[in-house]
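Chain and residue survey
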Amino acid sequence: MSKWLDNAVFYEIYPQSFNDTNADGIGDFQGIIEKLDYIKELGCNAIWINPCFLSPFGDAGYDVADYCRVAPRYGTNEDLKRVFEEAHKRDMHVLLDLVPGHTSVEHPWFKESMKADRNEFTDRYVWTNNVWEAPEGMGSLRGISERDGACAINFFSNQPALNYGFYQPDPEKPWQQSFDDEGPQATLAAMEDVMRFWLNMGCDGFRVDMAGSLVKNDQEGKGTIRLWQQVRKFLDAEFPDAAMVSEWGEPDKSLQGGFHMDFLLHFGPSHYNDLFRCDEPFFSKRGKGDISEFVETYKTNYNKTAQKGLICIPSGNHDMDRLARRLQGDELKIAFAFLLSMPGAPFIYYGDEIGMRYVEGLKSVEGGYNRTGSRSPMQWDDSTNAGFSSAPASDLYITMDQGKDRPTAKAQMADPDSLYHEVKKLIQIRQSSKALLSRGTIEFVYAEKNQYPLAYVREAEGEKVLVIINPSDKEQSFPYSAELKDALYTIGGKAESKDGTITIPAQISLFLNMIHSQLMQCPGRCNILRLHHHLPFLVLWENRDHLIKLQPFCQIKCGNRQSFLKTGAVTVQPRKPFPAVKIFFCQNL
């Protein structure tokens, strides 16, 4: 697995809505480059960019017309290469969105496949042998060309399905090919060429759209797993560091196929929607939600992975309602405390870090339909069009949130109590604790049906952190024995432990350090702190807007001498009668 995934925190960029630098109302690559420092300052060190390839945009770019050429509205291939280069200068990584299941009807492959005379692309898509026979269980295009047949579609009628074969072809339907047949193998080879092209350009890997749907009639996923195992051999041979993240929703299958991570989906069996996007979300302060089925499903999938890969829980994405459609205020902060303390690499959808709202009542744009309200332009500041674009409002890709109280990045960065700063603090704490990183183990200690709170223990390399989360507006308690003195993070008040029961106030998140380690990363992004003489006391390291409680140390030195700023000091009193120690601290550089 790519080592950088161990501490990755991703930021999803919907490029057309992120930052417009040429006043055409649509975001672009230069706009992404301009905001890389904002993303890094938040704490994210990896980016997922939604499809940016040439497209007629019938489905916002998920209908690709040329996989190796970017859409001119975003810039050029060279501009995208610069995105990779500028990200790498900041020790950040970039994933592109690969759409292997279908293309646009405008793709040259499809135009060639429509011809009656047999050619290189005749078997590139799933076609039946006559126009009156539709592929069973799938929509189709018929009567569109001289070719006698119906072509399967995956979603919209402008998205013909690429042919990767059928798991068990029906012998009475000769048009159903096996994965090993020449046509499906040629399709896969072409997709590997696409991956090779962008990886050579500097891309660090791919998020793969609907990765589990490629081989048809494959209910158990065995054929599709085999397909991705073939891709894994190609990547291991040529690009062993390339990261692969699947939109599959079944981590055991995805990881068998050679993916490093799999998304929990907002549809299917994961119960992800029980968290944030149902009538009574668990993270609502009303306290009427239920997280138990989510936890049971998560544990099942987690155990199946055998810690060979990661399960990703996103704050949202371009296909979901905004997190802030059903949660507000401290509910959002507590939701992020959960998202940023779970295993796997977190994914933050652009604008969720400032609580951007779902924009109600919008007309569909580029096939968005009900998803359009989650794709509105990023709100940067209080200038024209919230700083997204200097184009007339009528030219914007999607209408902006018109509310006078709409959140902006500028306002939230200036407010130390904002959601932005809470997310930033949580990312810093996550990065400071091995237990809270992607590969730390998890054990749920309280997640009962229709009950609050949620509690779990994260552990890695001698560190152990107890996470307690109570989104409800009522005091809650649960059976567990733990000292509550060494809090890495808290919001909403203090907890009490007595006679084997922990009682916590309403709307609280609490991370408790249960086992101390002997090294800690400086929050000021300097080198590793050095332990000289171990004594049993706690060091408080204050850094601008956050307070991090470090492990037992005696004399501490900041590794980056040249940037060491004597802007303050903390006097530390030991637990036992040893001399107090004064520690200078450095600010973020």
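One structure accompanies this document, and this report is about it. (Residues numbered from 1 in each chain as written. Predicted model: local features only at pLDDT ≥ 70, side-chain atom pairs only at ≥ 80, totals over all residues. Heavy atoms only, no water.)

1. Focus on the overall build of the protein
- Of the regular secondary structure elements, the protein holds 12 helices and 26 strands.
- Pairs at least 24 residues apart make up 65% of the contacts formed inside the protein by residues separated by at least 6 positions.
- As presented, the protein carries roughly 23700 Å² of accessible surface, and 47% of it is formed by carbon and sulfur atoms. (Helix = DSSP H or I, 4+ residues; strand = E, 2+ residues; numbered from the N terminus. Contact = heavy atoms within 4.5 Å. Areas by Shrake-Rupley, 256 points an atom, 1.4 Å probe, with all protein chains shown as cover.)

2. Brief notes about the packing of aromatic side chains
- Tallied over the entire structure, the rule returns 39 aromatic pairs.
- Among the aromatic side chains, those forming a connected cluster through ring pairs are Tyr272, Phe276, Phe282, Phe283, Phe294, Tyr298, Tyr302, Phe338, Phe444, Tyr452 and Tyr456.
- Positioned over the ring face of Phe57 is Arg73, at 3.5 Å from the centre of the ring.
- Lying over the aromatic face of Tyr350, Arg322 brings its terminal NZ or CZ to 4.6 Å of the ring centre. (Phe/Tyr/Trp six-rings, centres within 6.5 Å; stacked < 30°, edge-to-face > 60°. Lys NZ or Arg CZ within 6 Å of the ring centre and 35° of its normal.)

3. Focus: the sheet that holds strand β12 (residues 347-349)
- The strand order across the open sheet formed by 8 strands is β11-β10-β9-β8-β5-β2-β1-β12, and the pairing between neighbours is parallel. Because the sheet does not close on itself, it has two edges, and the strands there are β11 (310-312) and β12. Ignoring which end each strand starts from, the neighbouring axes of this sheet average 25° apart. (Pairing = 2+ DSSP bridges. Axes fitted to C-alpha atoms, helices over the stretch in contact; angles between N-to-C directions.)

4. Things to note about the packing of helix α3 (residues 77-89) against helix α5 (residues 182-201)
- Where α3 contacts α5, the axes come no closer than 9 Å and their chain directions differ by 60°. Of the possible angle classes, the one that applies to α3 and α5 is oblique. Here α3 contributes Asn77, Leu80, Lys81 and Phe84 to the contact with α5, which in turn contributes Phe197, Trp198 and Met201.
- Residues that form the contact of α3 with α5 fall into these classes: 5 nonpolar, 1 polar and 1 charged. (Parallel < 35°, antiparallel > 145°, perpendicular 65-115°, else oblique. Nonpolar A, V, L, I, M, F, W, Y, C, P; charged D, E, K, R; others polar.)

5. Details of unusual backbone geometry
- For the bond from Tyr452 to Pro453, the omega torsion is 0°, close enough to zero to count as cis.
- Tracing the backbone through its elements, the reader meets Pro453 in the loop between β13 (441-446) and β14 (454-460).
- For Asn217, which is not a glycine, the phi torsion comes out positive at approximately 55°.
- By the secondary structure assignment, Asn217 is in the loop between β8 (205-208) and α6 (222-238).
- The exposure class assigned to Asn217 is partly exposed, which follows from its relative accessible area of 45%.
- Not every positive phi belongs to a glycine, and Gln507 is a case in point at roughly 45°.
- Mapping Gln507 onto the fold places it in the loop between β19 (501-504) and β20 (508-515). (Buried < 20%, exposed > 50% of the residue type's maximum accessible area, 1.4 Å probe, protein only.)

6. As for the nonpolar core
- With 145 residues, the main nonpolar core has Tyr11, Trp198 and Phe338 as its most contacted residues.
- Looking at this core, the element that brings in the most residues is α5, giving 8 residues.
- Ignoring anything within four residues of it in the chain, the contact list for Phe338 reads Leu275, Phe276, Phe283, Phe294, Ile313, Leu454, Tyr456 and Ile469.
- Within the second largest apolar cluster, 14 residues are counted, among which are Ala495, Ile504, Ile508 and Leu510. (Core = buried A, V, L, I, M, F, W, Y, C linked by side-chain atoms within 4.5 Å.)

7. Topic: α6
- The terminal C-alpha atoms of α6 lie 25 Å apart, and with 17 residues this matches the ideal 24 Å at 1.5 Å per residue to within 8%.
- Elements that come into contact with the buried residues of α6 comprise α5, β8, β9 (243-246) and α7 (251-256). (Expected span 1.5 Å × (residues − 1).)

8. Some words on the sheet that holds strand β18 (residues 496-498)
- In spatial order, the strands read β16-β19-β18; together these 3 strands make up an open sheet with antiparallel pairing. Single-partner strands in this sheet number two, and they are β16 (476-479) and β18. Neighbour to neighbour, the strand axes of the sheet diverge by 20° on average, direction disregarded.
- In the sheet, β16 pairs with β19 via 4 bridges, with the strands oriented antiparallel. Note on β19: the bridge partner recorded for Phe478 is Ile502.

9. Digging into helix α9 (residues 292-305)
- With 14 residues, α9 ought to run about 20 Å at 1.5 Å a step, and its terminal C-alpha atoms sit 20 Å apart, in line with that.
- Where α9 is concerned, the buried positions are Ser292, Phe294, Val295, Tyr298, Asn301, Tyr302 and Thr305.
- Residues of α9 that are buried sit in contact with α7, α8 (273-276), β11, α10 (330-339), β13 and β14.
- Looking one or two residues beyond α9, the residue adopting positive phi is Ala306, at roughly 50°.

10. Section: the pairing of β14
- In terms of residue burial, β14 counts as a mostly covered element, since 6 of its 7 residues are buried.
- Where β13 meets β14, 5 bridges bridge the pair, whose relative direction is antiparallel. Of the residues in β14, the one forming a bridge with Glu443 is Val457.
- Summarising the sheet, β14 and strand β15 (residues 463-470) pair through 7 bridges and their orientation is antiparallel. Across the sheet, the residue bridging to Arg458 is Val465, located in β15.
- The antiparallel pairing of β14 with β15 creates a hairpin that spans 2 residues between the two strands, and Glu461 there sits at a positive phi of about 45°.

That's the geometry; what it means functionally is another story.
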